[in-house]
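Each chain, written out:
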Amino acid sequence: MAEITEQIDFIWKGKDKQGKVISGEIAAYSEAAGRAELRRQAIRIISIRKKPKPLFSKAKATIGTKDIAIFARQLATMLESGVPLVQSFDIIGKGHENPAMSELLLGVKADIEAGDTLAQALNKRPIYFDELFCNLVDAGEQAGILEGLLDKIATYKEKSESIKAKVKKALTYPIAVVVVAFVVTAVLLIFVVPVFKELFDSFGATLPAFTLWVMGLSDWMVAYWYYVVGGVIATVKTFSYFKKRSKKFNYFLDRLMLKIPIIGLILHKSAVARFARTLATMSAAGVPLVDALESVAGATGNIVYYTAVMQVRDDVATGERMQHSIARTKLFPHMAVQMLAIGEEAGSIDKMLDKVADFYEEEVDNLVDNLSSLMEPFIMVILGTLVGGLIVAMYLPIFKLGAVVG
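Nothing here was measured: the structure is a model prediction, and the numbers come from that model. (Residues numbered from 1 in each chain as written. Predicted model: local features only at pLDDT ≥ 70, side-chain atom pairs only at ≥ 80, totals over all residues. Heavy atoms only, no water.)

## So, the overall build of the chain
Then comes step 1: Each helix and strand in the chain was counted, giving 15 helices and 3 strands.
Then comes step 2: Here the C-alpha atoms of the chain give a radius of gyration of 30 Å, more than 25% beyond the 22 Å that 2.2 N^0.38 yields for 406 residues.
Then comes step 3: Counting only C-alpha atoms and orienting by the principal axes, one finds that the chain spans roughly 100 × 70 × 40 Å.
Then comes step 4: Counting across all 406 residues of the chain, residues that qualify as buried make up 38%.
Then comes step 5: For the chain, long-range pairs separated by at least 24 residues make up 60% of all intrachain contacts whose partners lie at least 6 apart in sequence.
Then comes step 6: For the chain, the exposed surface amounts to about 23000 Å²; the carbon and sulfur share of it is 61%.
Then comes step 7: Each charge sign in the chain was given a centre, from 46 positive and 43 negative side chains, and these centres are 7 Å apart. (Helix = DSSP H or I, 4+ residues; strand = E, 2+ residues; numbered from the N terminus. Rg over C-alpha atoms; globule rule 2.2 N^0.38 Å. Buried < 20%, exposed > 50% of the residue type's maximum accessible area, 1.4 Å probe, protein only. Contact = heavy atoms within 4.5 Å. Areas by Shrake-Rupley, 256 points an atom, 1.4 Å probe, with all protein chains shown as cover. Lys, Arg positive; Asp, Glu negative; His and termini not counted. Charge placed at Lys NZ, Arg CZ, Asp CG, Glu CD.)

## Quick notes on the packing of aromatic side chains
Then comes step 1: Using the criterion set out here, one finds 15 aromatic pairs in the structure.
Then comes step 2: Aromatic side chains Y224 and Y227 sit 5.6 Å apart centroid to centroid with 20 degrees between the ring planes, which places their arrangement in the stacked category. Of the two residues, Y224 and Y227 both sit in helix α8 (residues 209-245), 3 residues apart, roughly one turn of that helix.
Then comes step 3: Of the residues examined, Y224 reaches a relative accessible area of 35% and is grouped as partly exposed.
Then comes step 4: When the ring of F359 is compared with that of Y360, the centres are 4.9 Å apart and the planes differ by 90 degrees; the resulting orientation is edge-to-face. (Phe/Tyr/Trp six-rings, centres within 6.5 Å; stacked < 30°, edge-to-face > 60°.)

## Quick notes on the sheet that holds strand β1 (residues 8-15)
Then comes step 1: Pairing is antiparallel in the open sheet, where 3 strands are placed in the order β2-β1-β3. If you trace the sheet from one side to the other, it starts and ends with β2 (21-28) and β3 (44-50), each paired once. Neighbour to neighbour, the strand axes of the sheet diverge by 25 degrees on average, direction disregarded.
Then comes step 2: Direction of pairing for β1 relative to β2: antiparallel, over a ladder of 8 bridges. Bridge pairing links I11 to E25 in β2. (Pairing = 2+ DSSP bridges. Axes fitted to C-alpha atoms, helices over the stretch in contact; angles between N-to-C directions.)

## As for the packing of helix α13 (residues 322-329) against helix α14 (residues 334-346)
Then comes step 1: Look at α13 against α14: their axes get within 9 Å of each other, and the N-to-C directions meet at 170 degrees. In terms of their interaxial angle, α13 and α14 are classed as roughly antiparallel. Residues M322, Q323, I326 and A327 of α13 touch α14, and the partners they reach there are V337, L340, A341 and E344.
Then comes step 2: Along the lines of polarity and charge, the residues of the contact of α13 with α14 split into 6 nonpolar, 1 polar and 1 charged. (Parallel < 35°, antiparallel > 145°, perpendicular 65-115°, else oblique. Nonpolar A, V, L, I, M, F, W, Y, C, P; charged D, E, K, R; others polar.)

## Observations concerning the environment of S160
Then comes step 1: Inspection of the secondary structure assignment puts S160 in helix α7 (residues 146-203).
Then comes step 2: Along the backbone, S160 and S270 are 110 residues apart, and their C-alpha atoms lie at a distance of 9.5 Å.

## Overview of the environment of K166
Then comes step 1: Mapped onto the elements, K166 comes out in helix α7.
Then comes step 2: Residues K166 and L146 lie 20 residues apart in sequence; the distance between their C-alpha atoms is 30 Å.
Then comes step 3: The contact partners of K166, leaving out residues within four places of it in the chain, are E361, V364, D365 and V368.

## Quick word on unusual backbone geometry
Then comes step 1: Unusually for a residue other than glycine, I262 sits at a positive phi of about 65 degrees.
Then comes step 2: Inspection of the secondary structure assignment puts I262 in the loop between α9 (247-258) and α10 (263-284).
Then comes step 3: The exposure class of I262 is partly exposed, given its relative accessible area of 34%.
Then comes step 4: One non-glycine residue, K330, lies in positive phi territory at about 60 degrees.

## Focus: the pattern of salt bridges
Then comes step 1: Applying the stated criterion to the full structure yields 18 salt bridges.
Then comes step 2: For E363, the salt bridge goes to K269, with nearest N and O atoms at 3.3 Å. Remark: K269 occurs in helix α10 and E363 occurs in helix α15 (residues 349-405); sequence separation between them is 94 residues.
Then comes step 3: Taking the relative accessible area as the measure of exposure, E363 reaches 24% and is therefore partly exposed. (Salt bridge = Lys/Arg side-chain N within 4 Å of Asp/Glu carboxyl O.)

Dropping the structure here:
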């Protein structure tokens, strides 16, 4: 399936039915699509080209996962209220504050009016609507329960975004502390310590070893700061390169992250919560278990869990019970495995997994709050040690000089 992202503006020149030369602009997903639309308007094309972008232009509005989650909730509410599908898209699209989202929804509406099902129209835009979203919509349309499925999709998206935000907060906080500490230390070493060095040189006295070490570090930073900056940039770019291209590196990184105290626990519980929420949603939609597990694996957000869930899928495809296969991965908590077993026995996997997801989402929330509380003294200790250490190093000679004078 060709990936269609957003429409492109084209400038065209052509002749109408009377042979008169006319020109204008048209928005289309490709030049071929633009030509086809002009031919439908009985225009004989002379030339067509992309509209050049202005040198200074405002940043184009983007579509985020939050926008998709809000759209799913709005569409579910409108369909449940009895508003027809095409009219719902028209209302949501024209009333949306984000121009890019408005354009996307009106494009979907046009495809539905042209004869596509909602699932087919969404499938044309995979960059915004993932396979899980499209599969659930397709299942809802075929079963005649689109309103109910959209409500489940909206709930799933909202919960997923919530837990992603919590995990992001947990990971961002420590990184921010390290960055701030590094910047503050660099500023002191490059701009503040040299001023003290000039002052101490004028004394001509013997300096304490700690002060000499800090001054030596400052001299090195002043002389080779560009190596530090270059090293940081190179490290970030190298990390980004391997993160995007190396499956082995991602597996190593995700496994390492799972072993970090507190943060690893948050990532474990969030992966279990995502697994449970996604599988519950797909199970409620009637998606076959083997098909559902592939989408579930991608939703866990961790390649270690992805590999484990894909193995579970292979085991289930050969006839093994899911609870046994999941227990063998040694990644899922005993409570989650037992709840899943009860759900399999009672034929209510979706309800049990929803309860598992609720429990672990709350656990993640509590852990993130606890991490935030622990980070406050941690920040004070790090900044106090670095900044306080540099200040002590600079004032030691002054105290020593004062003692001599006294």
